[in-house]
Amino acid sequence: MANSLTKHIPNSITCCNLICGCMATGAAFHGNYGWAVLMILAGAVFDFFDGMSARLLGVSSPIGKELDSLADVVTFGVAPSAMLFHLFTEVAYPAFLIPLQRFVPYTAFLMAAFSALRLAKFNLDERQTSSFIGLPTPANALFWSSLIVGQYSFLLSEKFNAALLFLVMLLFCLLLVAELPLFALKFKNLSWKDNKVKYVFLLGCLPMPFLLGYSCFSGIVMWYVLLSLVSLKKG
């Protein structure tokens, strides 16, 4: 009886991730960005523990891997896309885009499509066992949700507009599927020599909440990408 219950624990945690993604999406469509961010963060926590629990309990399964990807598409693909969709309805539009103002918000769902493509590639790419190729979907979701909540006033100001928002969104869509090696925070040991880039990254993250407030996750993701690029060039 215990074993039959145990094998369902990881998938139950994954379903909690999925539910969080659905709640974040619903909140985003109503412009409740704060609740959307909380649900994406909660989904990220569940996403971290589902795989860990499967390994600890020795109940990893093919269905768990597929379910995890499906949940991630919702929480880290559809939910941030829904936040962008609503933001596109609020930002200023330059004159040349005003005729398309009714349609531009729907371009936000390009990010959901690229997130799904990134997850499909990750499941099949054997190179990504100890590092990443392309921006992970949780990092992308945290970047956008944190940016929208932390820099909301700036995004709606005259200094920003829908055209810039579209270009930044397109850049991150490309980062999701780019052949760009990014380090993973996996420690085989605690030595400085073997983990220098990871320690530098963690040290650089420490002041982010104090410097950037609610948009700290956006800063952390940018720091992560830049440090990966620098380490790649040195390597």
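Residues numbered from 1 in each chain as written. Predicted model: local features only at pLDDT ≥ 70, side-chain atom pairs only at ≥ 80, totals over all residues. Heavy atoms only, no water.

Colleague: Quick question: what am I supposed to make of the overall build of the protein here?
Modeller: Across its full length, the protein carries 11 helices and two strands. Ordered by position from N to C terminus, the α and β elements of the protein give α-α-α-α-α-β-α-α-α-β-α-α-α. For 235 residues, the compact-globule estimate of 2.2 N^0.38 gives 18 Å, and the protein sits close to it at 19 Å. Along the longest, intermediate and shortest principal axes, the C-alpha atoms of the protein span 60 × 45 × 35 Å. Burial analysis of the protein (235 residues in total) assigns 43% to the buried set. Counting contacts in the protein only where the partners sit at least 6 residues apart, residues at least 24 apart contribute 75% of the total. Split by element, the accessible area of the protein, about 12,700 Å² in all, is 72% carbon and sulfur. Put simply, the protein has 15 plus and 11 minus side-chain charges, and the middle of one group is 8 Å from the middle of the other. (Helix = DSSP H or I, 4+ residues; strand = E, 2+ residues; numbered from the N terminus. Rg over C-alpha atoms; globule rule 2.2 N^0.38 Å. Buried < 20%, exposed > 50% of the residue type's maximum accessible area, 1.4 Å probe, protein only. Contact = heavy atoms within 4.5 Å. Areas by Shrake-Rupley, 256 points an atom, 1.4 Å probe, with all protein chains shown as cover. Lys, Arg positive; Asp, Glu negative; His and termini not counted. Charge placed at Lys NZ, Arg CZ, Asp CG, Glu CD.)

Colleague: Any chance you could explain the nonpolar core here in plain terms?
Modeller: As a rule of thumb, nonpolar side chains are buried together in soluble globular proteins. Counting 55 residues, the largest nonpolar core has Leu-135 and Trp-144 as its most contacted members. Residue assignment for this core shows that the elements contributing at least two residues are helix 2 (9–29), helix 3 (33–57), helix 4 (62–88), helix 6 (137–150), helix 8 (162–177), strand 2 (181–183), helix 9 (196–205) and helix 11 (216–234). Here the element with the most residues in this core is helix 8; it accounts for nine residues. When near neighbours in sequence (up to four residues on either side) are disregarded, Trp-144 contacts Pro-80, Leu-84, Met-111, Leu-165, Val-168, Met-169 and Phe-172. (Core = buried A, V, L, I, M, F, W, Y, C linked by side-chain atoms within 4.5 Å.)

Colleague: I tried to follow the packing of helix 3 against helix 4 on my own but got confused; where do I start?
Modeller: Angle between the axes and distance between the axes: these two values describe a pair of packed helices. At a closest axis distance of 11 Å, the pairing of helix 3 and helix 4 adopts a crossing angle of 165 degrees. Classed by the angle they form, the pair helix 3 and helix 4 counts as roughly antiparallel. With respect to the hand of their crossing, helix 3 and helix 4 are arranged in left-handed fashion. Residues Tyr-33, Ala-36, Val-37, Ile-40, Gly-43, Ala-44, Asp-47 and Asp-50 of helix 3 touch helix 4, and the partners they reach there are Asp-68, Asp-72, Thr-75, Phe-76, Ala-79, Pro-80, Met-83, His-86 and Leu-87. Here the residues of the contact of helix 3 with helix 4 sort into 10 nonpolar, three polar and four charged. (Axes fitted to C-alpha atoms, helices over the stretch in contact; angles between N-to-C directions. Parallel < 35°, antiparallel > 145°, perpendicular 65-115°, else oblique. Left-handed = near helix turned anticlockwise from the far one by under 90°. Nonpolar A, V, L, I, M, F, W, Y, C, P; charged D, E, K, R; others polar.)

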